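# Structural overview
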Amino acid sequence: MEYLLASAIGAMTAAGIYLLLRQRTFPVILGISMLTYAVNLFLFASGRIAINLPPVLLNKTPTYTDPLPQALVLTAIVISFGMTAVVVLMGLGAYLSARTDHVNLNEGQDDSAEAGK
Amino acid sequence: MNHWIIAPVLLPALIAAVIILAARYQVALQRVFSVASTVGLLGISTGLLIESMSGRIGVYELGNWPAPFGIVLVLDRLSATMITLTSALAVAVVLYAIGSGWDKRGHHFHALFQFQLMGILGAFLTGDAFNLFVFFEVLLIASYGLMIHGGGAVRLRAGVQYVLYNLLGSTLFLFALGTIYAVTGTLNMADLALRVAELPADDTAMIRVAAILLLLVFAVKAALIPLHFWLPATYAEAPAPIAALFAVMTKIGAYAIIRMYTLVFGPDVAVTADIIGPWLMPAAIVTLVIGMVGVLGATHLGRLAAFAAVGSMGTLLIAVALFTPQATTAALYYMIHSTLAGAALFLVVDMVRARRLSEDDAIASRPAIAQNGLIAAYFFATAIAMAGMPPLSGFLGKLLVMDAVRAHDLVWVIWAAILIGSLIAVVGFARAGSMVFWKVETPPEGTAEDAAPHAPAAALPFVATGALVAGIVALTVFAGPVTAFLSDTSAQIFDRQSYIAAVMETPRAIEAENLPLEGTKK
Amino acid sequence: MSLILIAALPFLGALLPGLMIRSGRTACAWATASVTLTALIGLLVHAPAVMRGEVIQYQLEWMPLLGLNVNFFLDGLGLLFAGLILGIGLLIIIYARFYLSRQDPMGQFYTYLLLFQGAMVGIVLSDNVLLMLIFWELTSLSSFLLIGYWKHLPEGRQGARMALAVTGMGGLALIGGMLILGNIVGSYDLTVILQNKELIQASPLYLPALILILLGCFTKSAQFPFHFWLPHAMAAPTPVSAYLHSATMVKAGLFLMARLWPVLAGTPEWFYIVATTGLITMVLGAVIALFKDDLKALLAFSTVSHLGLITMLLGFGTPFAAVVAVFHIINHATFKAALFMSAGIVDHETHTRDIKRLGGLRHLMPVTFTIVMVAGLSMAGIPLFNGFLSKEMMLDAATDAAWNGNHWLVPALATLGALFSVAYSFRLIVHTFLGPKRDDYPAKPHDPGFGMWAPPALLAVLVVLIGIMPALMVGPLVATASSAVIGGELPYYSLKIWHGVNAALFMSIAAVAGGLVLLALHRPLDAAWIRARRPEAKTIFDAMMRAVTGAANALTDGLHNGAMTRYAAVFTLAVILAGSAAWFGGTNPAPAREALAIGPVPLIGWILLMVATVCMVAFHRNRLLSLVLMGIVGLIVSVAFAYMSAPDLALTQISVEVVTIILLLLALNFLPKQTPVESGSARRFRDGTIAVLGGLAVGGLSLAMLLSDFSQESISAFHLANSKPGGGGTNVVNVILVDFRGFDTFGEIIVLGIAALVIYAMTESVLNSPVGVWLKKRPINPHEAGDRHPLMMVVATRVMMPIALMVGVFIFLRGHNEPGGGFIAGLIVAIALVMQYMASGFDWATARQRYPYHMIIALGVFAAAFTGIGSWFADRPFLTSNYGYFQIPPMGEFELATAMAFDVGVFLCVVGAVMLALESLSRFAHRAGDRPSPYPMDIDPSRDLPQEAKDA
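A quick note: this is a predicted structure, and the numbers were derived from the prediction, not measured.

Here the focus is the overall build of chain B. Across its full length, chain B carries 21 helices and 2 strands. Taking 2.2 N^0.38 as the reference for a compact globule, 522 residues should give roughly 24 Å; the C-alpha atoms of chain B span a radius of gyration of 23 Å, in line with that estimate. Here the C-alpha coordinates of chain B stretch approximately 90 × 60 × 40 Å along the principal axes. When the 522 residues of chain B are sorted by exposure, 70% land in the buried category. Residue pairs in contact within chain B that sit at least 24 positions apart in sequence constitute 80% of those at least 6 positions apart.

Following this line, the structure appears as structure tokens:
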């Protein structure tokens, strides 16, 4: 299980980073969303994995999963939701105002293009 | 129970809610609330500052849960200094925003401003690492709104970059916190300090990663190279009062570094000692140089001010990176100075921009602006302060920093960087000032009548900027008592035990039976 | 008068001119003069005591932590300089009153002048080197303002910047030097430093300190190769040139060398650096001065030369030479200030300073001629004038100096310098005033009024008096000042005209004779000089500045070019590198936990996730598809949460996912549907490499974390134990959220609220800009669905609405004990409301919605905050909870905790924020001519039937 979770977090991070390095706001935002999934899982994993254990107090079970990271992740999810909403709308506003959704202020010219000129 | 400690967080939050609820469409009313709130905050934080001078560390246990299980707010000399500085700056900034009419150029300026203050003040007061993250997010999201206040394509695009960059920072923060929790099992800073100190010697890799990731998070805020890239465009494009308020935003990063890397990963914590100061120092030196070179290389006043801010962060972080009481005193003094001076500089730049026909801030000759002499005098004063020229506090701060680095291996490099950096900045400021204020373009014939320069009549912007300049002067004149207090402050910072004892002083027994927890070593 | 008052008076007085200018120019000048006069009298009161050998002191603590204190002391050297500064300052103030024209802002001028004066007095009285540094840099800053006083002149602006750059650089070097000096001695107090000669000269840091301090002195005193700024500073009004650039500021460097002479001088390093620099400067300055046609430029280079002379004398390191240096400082100040003022008079009267356009002024301006004659002959070193005395003594001192064992080099060069000095002095007199009267002066010259010629005349009188009876006039002053410089016994010297027949006399005669020959040959020499190719300092300096500024600009703009892609790549790489370095510098123990077995369900989920992730990257250009894939990833993540014992998280994740996808879909409506191919394969490879590295790093860290254990018991054990007894809830996650860490949640809902406000404000500003107009006028896309509010959806959402609300209430109420809570409930209700918008359109739904979302957010914040504040009344901290059990008949026993009131706040904030955000977004969709439809759906069979059918 641990290997699956760790590799999943890693894969989502990699995907997130790749999209983050694109040049248009939409894929960049998707990249950040992927990173958010990854980091939420990571934060969750800091309580270690437990399967079929309740975070709710029941009289029957002797052991519980760590509830604290869950609470932290919940907070993190909510906050990142707010952030995503803002950046999506700002990206949209910038696109409508500037008629371009390029993330680079120097318009289409980034380091690789620059190196060529 | 001293509830005043939480007042700096609650007051702006409630005032912001009142503004949204009752004064959504009445700018005049918003202004009244906003000014009342900031003045109130200044009063409260001054009271807390005076209280902190006794040396007793105030702890506020939210929800009545003892540390480390609940969240605590901690008032020591350092946090009291920071909140007082922020509140004082906020008063000047809000007055400028009102006087210049910036607050009317979009919606929700005052509500967002109050929320921003709440986030900043909360970040200074909290004693919990995750709560610090939450307050970072509060202040960040409010800053996103304030940064694009007034709109415009360029500002929006710069704003998107600012947001994206800081989202990366927030993500990194969560990675760091997850790692910290996974190693230590706690989030309270005082408890962290205890647990990190007791870590087994063969288990250092994870905590080192956590420490360095956290450092990078704060480095983003503090605009440390190579994580400073968000700053120039953001500061240059943000509305002037907001750029001025942002002068304290970078200081949050510096504050967090001081707090975290003296308390938790202090210089005497062996596992991280080799990667904090030794890595921070060269980066800080490069930051200083890049910032000062930017002052010379800037073609617009806004960018000039932004790079001056980067440069001052470099100087500040050099002092921080030493992690000695003496250097921390220097850092704190320089921090107060550069906050006031940086903010004043942005306001002066805005005064120029508002009065130009072209409404730009290019460092080029333009027709004479109204009140040229007075604004030039302000610019001269703030430029002297930012460049670290005598007689203002910038020079004293610089001397303190240089004096503090004496024993460091890189002392010659640091001295050279600081002095040459100052020289570059002086040349840059002189160039900009003489171009903008002296080399006045005569308007073409015939346009003289209708092309009368914009002359915003309000005196409030001058008062607000003047107040900041007066603050710099006061910081200079009263350097003796101020440094004496800051010296006590840094002594308290390095007295980790008293902080830990204050926070963890109520070791209430765990009341119910101890339930076995999966993933916990028994 | 207290020393601090003497130093502070000019600063305080600097406020006066600005005010007094309202009463007229004369009143302004008098006010300024009275300030200086008061300070001068205050100083002279101390003179008798100082002459007796006493040292007057004043001490005040400023920054004890740094060792920076307001300590002043007045000894012979200080008295000499302060007297010069204030005395000549007084003359300059009077002179400037008549020199400045009506267009010049006189108040400003006097303010700057007094600031400068205060700074100079501060330098010479400081008993603390850090304090002295402050005054030192202040002179640079105030002289910047004075040189640039005529700000409309480009030469003024450039000269000011050049002077600031050069002297500022020196000042900064000086800071370094002084800090080292203080470091060696352990004190920044000058009186302490002066007593530690052995300590300083034995220190390994002596040489660096010396070089840095001398850099400061040489730049200030315009020594080669930093001399070039001085002539360009002549763009300043002449009173400034006379005051700063001959009598005072340029002497600050000499003052400092003299001040530190007791501890720094006497070593070979000192001799070779200082004496050599002085010698070169003296000769070079004198040579250049001869070929300058501009009166002020000639005087500027002659000043450079004389400053070099004094520097050389100090550099010799012998007591006798030091005495001569002091004496020459006095003499030079008198004749050179007089000459500058006279040059100003000539300029003022004839409107030119070009020697080649002058000549024959003797009869037209007899008074001025007399003054120039006296001062000029003194400068040339002709007997009966004071310049002769110190020049003789200088030559005498030079004969004793051996440069690297060579005994004739220094005297020969000193004589050469004196020779050129004679030549340019005579040229000044002869070419300007003698010769035939011309008829092509730009203005008709005549002597100025008394006020203007009186100050230089007074100085000229001094020149003669000192020249005739030196011992009587300045003997005691030279003695006290010199003993302060030497810091010990005075050597044997005598101030008199005739020293008998010695080497100096022959050298002097040679110099005068040679100088006269040079003057006779001036025309051919000048032609040769003009033809010769010389490096032009200003050109070099300007080119250097341009290059530096250009490089700074290129570096700054190149580095910060606004390329987010690069910023992000640097960020990611920095994090990966720093993290890896930290990791590999530490040790990681063997895994403490055994990995759990991999079941089939998680394996399938993992494969799905991997496929979705890879596809998302592969197809990211198709935005809609990548959005769908992201939704799938989010879904798998929430299932994973559910599987790994986190039902609350699963619920939250899935509801957030829904809202996020809706938001992105709506946004995509306006955005391009495709992402163009922009990166080349090299870029993609680079990005891919960074991504893989990042993935490996994070994955590795995750694995290490998952297989390790807490080092100590987690604090969550306390949460589990106290959730029920202390927090009154069995859902520990919820209790943590609303109670243990309720403050986090308080911040979190505020984040959401702010997010909505930000979105609202941004939408408003975009819609109120020209973009809004464009948006309203944009044509309707023919490919859009004709049926915008489909029947099926409307019906479905209507049915779902009450159910969703019920579910929301249920989830909310059970939150404290079972998975659920205010946040999830809020999202569910928000989704239900959004559905109405999507189905029936914005306007229809808005018309049926009574509460503005702003208000709901604010109420949410209030609810949460006041719940927290409520505990104050029980004298408990913010957010302390209380709970009890209540029977609500149909639903059984319910627990009511104050935490639930807090949760209501959470609920309200979430609903308000989500709705406000979506409402704002929908406003972009508004088009001009869109009429709010009164109907919930577009197609209504009954409504669309022909009227007849309805009637039937």
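Looking now at the interface of chain A and chain B. Each side of the interface is counted separately: chain A has 35 residues, and chain B has 29 residues. Going through the elements one at a time, helix H2 (25-45) and helix H3 (67-98) of chain A are the ones with two or more residues in the side of chain A that touches chain B. By residue number, the principal contributor to the side of chain A that touches chain B is H3(A), which donates 15 residues. Of the residues belonging to the side of chain A that touches chain B, the class tally is 22 nonpolar, 11 polar and 2 charged.

This paragraph deals with the confidence of the model for chain B. One rule of thumb: low pLDDT means the predicted coordinates there are not for detailed reading. Chain-level statistics for chain B give a pLDDT mean of 89 and a share of 93% at 70 or above. Low pLDDT (under 50) marks residues 507-522 of chain B, which in the prediction has 43 contacts with non-local residues, meaning those over four places away or in another chain.

At the junction of B:Pro390 and B:Pro391, the peptide bond is cis and its omega measures out at 5 degrees in the coordinates. Position of B:Pro391 relative to the elements: it lies in the loop between helix H16 (372-387) and helix H17 (393-404). A positive phi angle, near 80 degrees, is found at C:Leu384, a position not held by glycine. As for its position among the elements, C:Leu384 is in the loop between helix H18 (366-380) and helix H19 (386-399). For C:Leu879, which is not a glycine, the phi torsion comes out positive at approximately 75 degrees.

Here the focus is the interface of chain C and chain B. Interfaces are often sized by the accessible area lost when the parts come together. On the chain B side, the residues contacting the 108 residues of chain C number 117 residues. When residues of the side of chain C that touches chain B are assigned to their parent elements, the largest contribution, 17 residues, is made by helix H33 (residues 742-767) of chain C. By residue class, the composition of the side of chain C that touches chain B is 64 nonpolar, 29 polar and 15 charged.

Our next topic: the confidence of the model for chain C. Across chain C, the average pLDDT comes to 86, with 93% of residues at or above 70. Model confidence for the complex is summarised by a pTM of 0.92, with the ipTM given as 0.93.

Let us look at the packing of helix H5 (residues 129-147) of chain B against helix H6 (residues 153-184) of chain B. Residues and elements named next belong to chain B. Contact geometry for H5 and H6: axes closest at 11 Å, N-to-C directions at 175 degrees. For the element pair H5 / H6, the angle class is roughly antiparallel. Across the interface between the two elements, Ala129, Phe130, Phe133, Phe136, Glu137, Leu140, Tyr144 and Met147 from H5 touch Gly159, Tyr162, Val163, Asn166, Ser170, Phe173, Leu177 and Ile180 from H6. Class assignment for the residues of the contact of H5 with H6 results in 12 nonpolar, 3 polar and 1 charged.

Moving on to the packing of H3(A) against H33(C). Direction vectors running N to C along H3(A) and H33(C) enclose 10 degrees, while the axes themselves pass 9 Å from each other. Between H3(A) and H33(C), the angle falls in the class roughly parallel. Every residue of H33(C) that contacts H3(A) at A:Thr75, A:Val78, A:Ile79, A:Gly82, A:Ala85, A:Val86, A:Leu89, A:Met90, A:Gly93, A:Leu96 and A:Ser97 is listed here: C:Asp744, C:Thr745, C:Glu748, C:Val751, C:Leu752, C:Ala755, C:Val758, C:Ile759, C:Met762 and C:Val766. Residues that form the contact of H3(A) with H33(C) fall into these classes: 14 nonpolar, 5 polar and 2 charged.

Another aspect to go through is the nonpolar core. Within the largest apolar cluster, 641 residues are counted, with the highest numbers of intra-cluster contacts made by A:Val86 and C:Ala755. The contact partners of C:Ala755, leaving out residues within four places of it in the chain, are A:Gly82, A:Ala85, A:Val86, B:Ile141, C:Ala913 and C:Ala917.

All names here are of chain C. Taken together, the 7 bridges between strand E1 (residues 56-63) and strand E2 (residues 68-74) define a ladder with antiparallel strand orientation. When the sheet's bridge partners are listed, Tyr58 is paired in E2 with Phe72. Counting the residues that bridge the hairpin from E1 to E2 gives 4 residues, and of these Gly67 lies at a positive phi of roughly 85 degrees.

When you line up the elements, C:Val733 lands in helix H32 (residues 732-740). Sequence separation of C:Val733 and C:Asn817 is 84 residues, and the distance between their C-alpha atoms is 9.3 Å.

Basis of the calculations
Residues numbered from 1 in each chain as written. Chains lettered and ligands numbered in written order. Predicted model: local features only at pLDDT ≥ 70, side-chain atom pairs only at ≥ 80, totals over all residues. Helix = DSSP H or I, 4+ residues; strand = E, 2+ residues; numbered from the N terminus. Rg over C-alpha atoms; globule rule 2.2 N^0.38 Å. Buried ≥ 20, exposed ≤ 12 C-beta atoms within 10 Å, placed from the backbone. Contact = placed C-beta atoms within 7 Å. Nonpolar A, V, L, I, M, F, W, Y, C, P; charged D, E, K, R; others polar. pLDDT = per-residue confidence, 0-100. Axes fitted to C-alpha atoms, helices over the stretch in contact; angles between N-to-C directions. Parallel < 35°, antiparallel > 145°, perpendicular 65-115°, else oblique. Core = buried A, V, L, I, M, F, W, Y, C linked by C-beta atoms within 7 Å. Pairing = 2+ DSSP bridges.

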